[in-house]
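Structural overview for review
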There are 2 protein chains.
Amino acid sequence: MKNNLKESPLYHIVNAKSVAFYGASNRPETMGSIILGSILSENYQGTVYPVHPREKEVKGLTAYANAAELPEIPDLVIMILPTVVVNQSLEDCGKKGIKRAIIVSGGFKEAGGEGIALEKQLLETARKYGIRLIGPNCLGVANLHSRLNSTPMMLEGEPGYIGLASQSGSFVTQMFNYLSRLGLGFSSAISVGNEADLDLVDCIEYFAACPHTKVIAIYIEGIKRGAEFIAAARKISPQKPIVALYVGGSEAGKKAAFSHTGSLSGPDQLYEGAFRQAGVVRAHSLTELFDYCWALATLPKPNGRNVVIQTHSGGPGASAADACSRNGMKLPGLSSATREALKPFLPHTASTANPVDLTFSQNQAHYFFDIPRTLMQDDTLDYLLIYLLMPENMMKVRMIDAGLSEEDAQKMVDGLIKKGVKTFAELKSVVGKPIVGFTYRSVQEKMVRQLIALGIPVFQDPERAAKAMKVVSDYYEMKARRNCN
Amino acid sequence: MKNNLKESPLYHIVNAKSVAFYGASNRPETMGSIILGSILSENYQGTVYPVHPREKEVKGLTAYANAAELPEIPDLVIMILPTVVVNQSLEDCGKKGIKRAIIVSGGFKEAGGEGIALEKQLLETARKYGIRLIGPNCLGVANLHSRLNSTPMMLEGEPGYIGLASQSGSFVTQMFNYLSRLGLGFSSAISVGNEADLDLVDCIEYFAACPHTKVIAIYIEGIKRGAEFIAAARKISPQKPIVALYVGGSEAGKKAAFSHTGSLSGPDQLYEGAFRQAGVVRAHSLTELFDYCWALATLPKPNGRNVVIQTHSGGPGASAADACSRNGMKLPGLSSATREALKPFLPHTASTANPVDLTFSQNQAHYFFDIPRTLMQDDTLDYLLIYLLMPENMMKVRMIDAGLSEEDAQKMVDGLIKKGVKTFAELKSVVGKPIVGFTYRSVQEKMVRQLIALGIPVFQDPERAAKAMKVVSDYYEMKARRNCN
């Protein structure tokens, strides 16, 4: 593991301060133009030099006819060019002294035939000039901090803490929207493509050292450097969790992976074993991949697997209990001391079994502070799983029904939400244990959105919450076994 | 099974044309007032008679001091009263000649102790007057057609085709929003509570005969009349699919169920066996429950388990392939005839393995019509699983970047969506095979929303799509085994 971030060969790619850009023109519909559009519209903090054989200006920027004419040696070159001209262009960049490249162009190894030779040649050129490169056949980098985005879709949402290394470009560029809807985001994401030079191993080493990254996600169709991957991941995982989605383990997944990136996938058990050895958490779907990242990055270390469920609705509570139980979590009964301490905050119809079920709508301060704090003060309870139902719009309509003006109703709802979130923030500051929410409503609703912003993961089904808690417990047990507490 | 809908004891409850309402007042914050508010704000098509000992008017309606004073014998009485006065009120209703009741009030069997005796007494009163009742300790009925809604939350969205029978009131009232977000809805939903009289068996028999209901969902904590349930479900399931979420099978689920509704749950294997015997599809989470209902209600009968995946993004395609494979679906290669027939519609970089991967943005008519039609004309392919990515907002921003005005860009995007949806509708009309979509974007986006309205289920992860397809194939195999094709 490179402990010094800047020693990573990826550092000056992901954090390039100046970029030569090959393949954009003033025709807006080409992939090159679209990607340059991404960079320019994202407030990228560096300088961009379009290179074009004929145009004097591209998208309002001065264009240069070739690498030799560039006014400085940029940190990075990005190429979206027809396959056959990539090598010569890289040669020119090498002569100029450019040391890093993202080759977006496809038609190399993944295309078979001549493409294999072209990729070999490309790598030789890179070696000749000491160029380190991502790709070919990739989407390169999305750095949510510097706003360098060499992918076709626009960044969405705030920078986050997930560092993604992906053998699919789609799972970089098409996830901006997905993550932003959950209030999550990448620190940076890297689409590695054919991995002619830099590969997944380099990426996880980079993210291990990256201060913006709290958790590392990997999308895998097939790992090239198996032994190096295991060694690197094994070092990193106790310090920074790694979650992997591997799709090459099933028959159809293996064929699809081969056809997509030419990856040679291995049997599922082989990868399963490698992940276990390396302390890598395994996800089986994209939903799980990011759910697990979310929980691992936000939740403090649990003392054990004992979950207490807090709800005011019986069905959601029972479903959550069932989901926890089926996923290896435990739901102990409450001690008589805890039951006693809860009494002042519970209606007489409430159940103090586990789930703690208030049975109806309640004092917000009790629900968001007094009850969960009391529960979390019980040493035998390790996690709080709390049901969240704050239907803003309905609350507002009811208030209008009750005679309030639209404006007053909105104010009252906003006030309740603000107060609820403030209470929850206080709770979080006094409780050092993992708190997880679940809801069947949209996580776009204001209250949930703000709880998420506080660092409380809120899942849209208790099944997802239970699986995420299991993974967090598994992760800390792995750490304990490795004596890395 | 009651083949005549009107013979069901539930018919005149779910479709009551007149309702006596006990428990609402002019204090807006009580549960009774909230529920009466639901009924009144939903354009309920029937007549409501509030009954209140003192008020002359409740929420603008003439109130009656007791049942005897009601101007007619209503179809139904709904009671949200303190436990201790429920029985006397039901007695009064019985004397008036009312034959059906929803008892929302709790404090009966589920409370233990005296509640058990109170429930017994309630049932005796009902028997004495020939009253059939839902509850106590329930939320009653939400009929999305007549807009009778005896639950606290307001209806959302359009009437749908899912008939829900639920041992949790929350899973009736709190699901209006969930389903509406997916473009789904209940035909009617029934919260059965303690099932003192009418129970889950009565509900599934009602839904079997209900013409608005295409699929029956059940939320179960414990079944009271096991043998009758199996017999009824076994008769119904080949005609109308039944999907059950049973949460009492795990240790914690069992305890939670007991504490919630006093249900005596049985071991998971027992229920698993009963469901299999009865042809009931099992879900393990609420997400699965409604996903399976969605697929079963919309997809035509598949000929087998062969899925072809269509994508323009490799990672989502490979993930979908892996998900299908892990869930028992098959991904055969394409015949050379089909590969040949696809040629005119594919870019040269495309893969005609399975997934069919176009690799980049494409002619919309090809993606939504020519390619899927060609695939579905292949006799060896049974399902189409198609990746959907129509980022409206980004499309619009790109057009504005390319020089279009905001207005023109919006028009152009709307035009593309309209054309795409029209094309897909044509496709659906010529292809008699199941078509399933998946996307990682919000299903609130216009394009997906409209495809869903056409009856195409669109899941937010291919894992969910694969599980739903598996369930559909399992269902039709069960039908075939039972010779009920």
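Residues numbered from 1 in each chain as written. Chains lettered and ligands numbered in written order. Predicted model: local features only at pLDDT ≥ 70, side-chain atom pairs only at ≥ 80, totals over all residues. Heavy atoms only, no water.

**Thoughts on the pairing of strand E2 (residues 47-51) of chain B**
Residue and element names in this part refer to chain B. By the criterion of burial, E2 is predominantly enclosed, with four of the five residues buried. Pairing analysis gives five bridges linking strand E1 (residues 18-22) to E2, with the strands arranged parallel. Note that in E2 the partner of Tyr22 across the bridge is Val51. As a crossover connection, the stretch from E1 through helix H2 (residues 31-41) into E2 is right-handed. (Buried < 20%, exposed > 50% of the residue type's maximum accessible area, 1.4 Å probe, protein only. Helix = DSSP H or I, 4+ residues; strand = E, 2+ residues; numbered from the N terminus. Pairing = 2+ DSSP bridges. Right-handed = clockwise from strand over helix to strand, strands pointing away.)

**Quick word on the interface of chain A and chain B**
Size of an interface: often given as the accessible area lost when the parts come together. At the interface, 63 residues of chain A touch 63 residues of chain B. Interface area, chain A with chain B, both sides summed: about 4500 Å², of which 57% is carbon and sulfur. Where chain A meets chain B, there are 20 residue pairs in polar contact (both at pLDDT 80 or more). Listing elements by their share of the side of chain A that touches chain B, those giving two or more residues are helix H2 (31-41), helix H5 (170-173), helix H6 (175-181), strand E13 (242-246), helix H9 (251-261), helix H11 (286-298), helix H12 (314-326) and helix H15 (392-401) of chain A. Broken down by element, the residue count for the side of chain A that touches chain B peaks at nine residues, all from H12 of chain A. In terms of residue class, the side of chain A that touches chain B is built from 29 nonpolar, 22 polar and 12 charged. (Contact = heavy atoms within 4.5 Å. Buried area = accessible area lost by both parts, 1.4 Å probe. Polar contact = N/O pair within 3.5 Å; in protein donor to acceptor, adjacent residues only side chain to side chain. Nonpolar A, V, L, I, M, F, W, Y, C, P; charged D, E, K, R; others polar.)

**A closer look at the packing of aromatic side chains**
Scanning the entire structure with this criterion turns up 36 aromatic pairs over all chains. A centroid spacing of 6.1 Å and a plane angle of 45 degrees characterise the contact between Tyr178 of chain A and Phe290 of chain A, whose relative ring orientation is tilted. Here Tyr178 of chain A is found in helix H6, whereas its partner Phe290 of chain A is found in helix H11, with 112 residues between them in sequence. Seen from their ring centres, Phe438 of chain A and Tyr440 of chain A are 6.3 Å apart, and the 90 degrees between their planes marks the pair as edge-to-face. The pair formed by Phe438 of chain A and Tyr440 of chain A is uniform in burial state, with each residue classed as buried. Taken together, Phe171, Phe176, Tyr178, Phe186, Tyr219 and Phe290 of chain A together with Tyr387, Phe438 and Tyr440 of chain B form an aromatic cluster joined through their ring pairs. (Phe/Tyr/Trp six-rings, centres within 6.5 Å; stacked < 30°, edge-to-face > 60°.)

**Remarks on the pattern of salt bridges**
Per the counting criterion, the structure on display carries 42 salt bridges over all chains. In this structure, Glu477 of chain A and Arg305 of chain A form a salt bridge, with 3.3 Å as the shortest nitrogen-oxygen distance. Of this pair, Glu477 of chain A sits in helix H18 (residues 462-481) while Arg305 of chain A sits in the loop between H11 and strand E15 (307-311), and the two are 172 residues apart along the sequence. Taking relative accessible area as the criterion, Glu477 of chain A reaches 40% and is therefore assigned partly exposed. Across the salt bridge formed by Glu272 of chain B and Arg276 of chain B, the nearest N and O atoms sit 3.4 Å from each other. (Salt bridge = Lys/Arg side-chain N within 4 Å of Asp/Glu carboxyl O.)

**Here's the deal with the sheet that holds E2 of chain B**
Residues and elements named next belong to chain B. Taken in spatial order, the five strands make up an open sheet running E2-E1-E5-E6-E7, and their pairing is parallel. Since the sheet does not close on itself, it has two edges, and those belong to E2 and strand E7 (132-134), each with one partner. Here the strands of the sheet are splayed against their neighbours by 20 degrees on average, with no regard to which way each runs. (Axes fitted to C-alpha atoms, helices over the stretch in contact; angles between N-to-C directions.)

Distances and angles like these do not, on their own, reveal function.
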